[in-house]
Amino acid sequence: MDRWVGKVAVVTGSSSGIGAAIAKDLAKAGMAVVGLARRVERVEALKGDLPDSAKDLLHAVKCDVSKEEDILKTFRWVEEKFGGVDVLINNAGILRQTDLLDADNTQMLREVIDTNVMGLVLCSREAYQSMKKRSVDGHIVHINSIAGHKVVDYPKLNIYSASKHAVTAITETMRNELRTAGTKIKVTSISPGGVRTEILPVEIMDSTEYPLLESEDISDAVLYVLGTPPRVQIHELTIKPIGEKF
């Protein structure tokens, strides 16, 4: 991680769970971290978990990644304050409690696609343009899911699996485009199994039937892929808890 000290990382969905763990670990590693979230006060509260040397490295910014105007405004602010983006962690993701074929659920389905797919693409686009403008060999990391590789038979996943399959395809499309453009910018998909976060129903988190990873396990993986030498690109990293059935 030494080469990233003093560089700028944008972390979406950083108010809790995986995003919060990543934002804190990157700040501890010496990066200037811009933590994006709708609940910006929760990102500010993360400073209480940081050592004094890292508190000022975490910057909380209110941003709803399902809204393009929020994304454009945020990346303009990052450019004005820091010069640009070196690392992007696309962590923001949502799941709505509905079945795919339930009546009157259009808004819920659109929210999942707008956040999990379009938000990821638009943030990646703006980060890439920043990297390209400054000739930076940056890194874009997508927090994907095992549901992006296999349709899991579990209630209420609705369009979530489709959104994560899109992330898998988008990762490869980006890799091809970055190579064709002659850049050395990396793109990585990290696909966890079950993780103990707010996206899961309470009955799963409280159940002994479903083994779960912790958010810190995924953050450790992010630090690993960012810490690889310039010649190494981790395309896909799958992480499952021991005993997971899926």
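If you're wondering where the values come from, they're calculated on a predicted model, not measured in any experiment. Numbers given to residues run from 1 along each chain, matching the order in which its sequence is written. Only residues with pLDDT of 70 or above have their local features reported here, since the model is predicted, and side-chain atom pairs are shown and tallied only from 80 upward, although totals for entire chains, interfaces and linings are computed over all residues. Excluding hydrogens and water, the side-chain figures rest on all heavy atoms present in the structure.

A. Focus on the packing of helix α1 (residues 17–28) against helix α8 (residues 215–226). Running from N to C, α1 and α8 cross one another at 45 degrees; their axes reach a closest spacing of 8 Å. Viewed along their axes, α1 and α8 adopt a mutual orientation that is oblique. Two packed elements cross with a definite hand, and for α1 against α8 that hand is right-handed. Between α1 and α8, the contacting residues are Gly17, Ile18, Ala21, Ile22, Asp25 and Leu26 on the first element and Ser215, Glu216, Ile218, Ser219, Asp220, Val222, Leu223 and Leu226 on the second. Counted by class, the contact of α1 with α8 contains 8 nonpolar, 3 polar and 3 charged residues. To define axes, lines are fitted to C-alpha atoms, for helices over the stretch in contact only, and angles between the resulting N-to-C directions are given on a 0 to 180 degree scale. Comment: elements are numbered from the N terminus, with helices defined as DSSP H or I runs of at least four residues and strands as E runs of at least two. Reported orientations rely on four angle classes, namely roughly parallel under 35 degrees, roughly antiparallel over 145, roughly perpendicular from 65 to 115, and oblique for the rest. Two helices that cross are described as forming a left-handed crossing if the nearer one is turned anticlockwise from the farther one by less than a right angle, and a right-handed crossing if clockwise. Residue contacts are counted whenever heavy atoms from the two residues lie within 4.5 Å of one another. Three residue categories are used. Nonpolar comprises Ala, Val, Leu, Ile, Met, Phe, Trp, Tyr, Cys and Pro, charged comprises Asp, Glu, Lys and Arg, and polar comprises the others, including Gly.

B. α8, seen in detail. Take the residue count of a helix, subtract one, and multiply by 1.5 Å to get its expected span. In this model α8 runs 17 Å from its N-terminal to its C-terminal C-alpha over 12 residues, within 8% of the 16 Å that 1.5 Å per residue would give. Burial status follows relative accessibility: with a 1.4 Å probe on protein chains alone, a residue under 20% of its type maximum counts as buried, one over 50% as exposed, and anything between as partly exposed. Taken as a whole, α8 has its buried residues at Ser215, Ile218, Ser219, Ala221, Val222, Val225 and Leu226. The arc that holds every buried residue of α8, seen down its axis, measures 155 degrees, which confines them to one face. When we speak of the arc, we mean the arc of directions from the helix axis to the C-beta atoms.

C. A look at empty space enclosed by the protein. For cavity detection a 1 Å grid was placed over the protein atoms alone, and a set of points counts as a cavity when a 1.4 Å probe fits there but cannot get out; an open set counts as a pocket when protein lies on both sides within 12 Å along at least five of seven lines, with lining residues being those that have an atom within 4 Å of a point. Grid points are joined across faces, edges and corners, and a volume is the space filled by probe spheres set on the points. Here the structure, examined in full by the defined rule, presents 1 cavity of 30 Å³ or more. Approximately 30 Å³ is the volume found for the largest cavity. Lining the largest cavity are Thr12, Val65, Asn90, Ala92, Thr115, Gly119, Leu120 and Cys123. Taken together, the residues that form the lining of the largest cavity break down as 4 nonpolar, 4 polar and no charged.

D. View of the pattern of salt bridges. By salt bridge we mean one thing: a side-chain nitrogen of Lys or Arg within 4 Å of a carboxyl oxygen of Asp or Glu. Tallied over the full model, the rule gives 10 salt bridges. With its nearest N and O atoms 3.2 Å apart, the salt bridge here joins Lys24 to Asp49. In this pair, Lys24 sits in helix α1 while Asp49 sits in the loop between α2 (40–45) and α3 (52–55), placing the two residues 25 residues apart along the sequence. Take Asp49: its relative accessible area is 47%, and that puts it in the partly exposed class. Measuring nitrogen to oxygen at the nearest pair gives 2.9 Å for the salt bridge that ties Arg125 to Glu126. On the basis of relative accessibility, which here comes to 34%, the residue Arg125 falls in the partly exposed class. Here the salt bridges share partners, and the residues they tie into one network are Glu68, Arg125 and Glu126.

These figures capture arrangement, not role.
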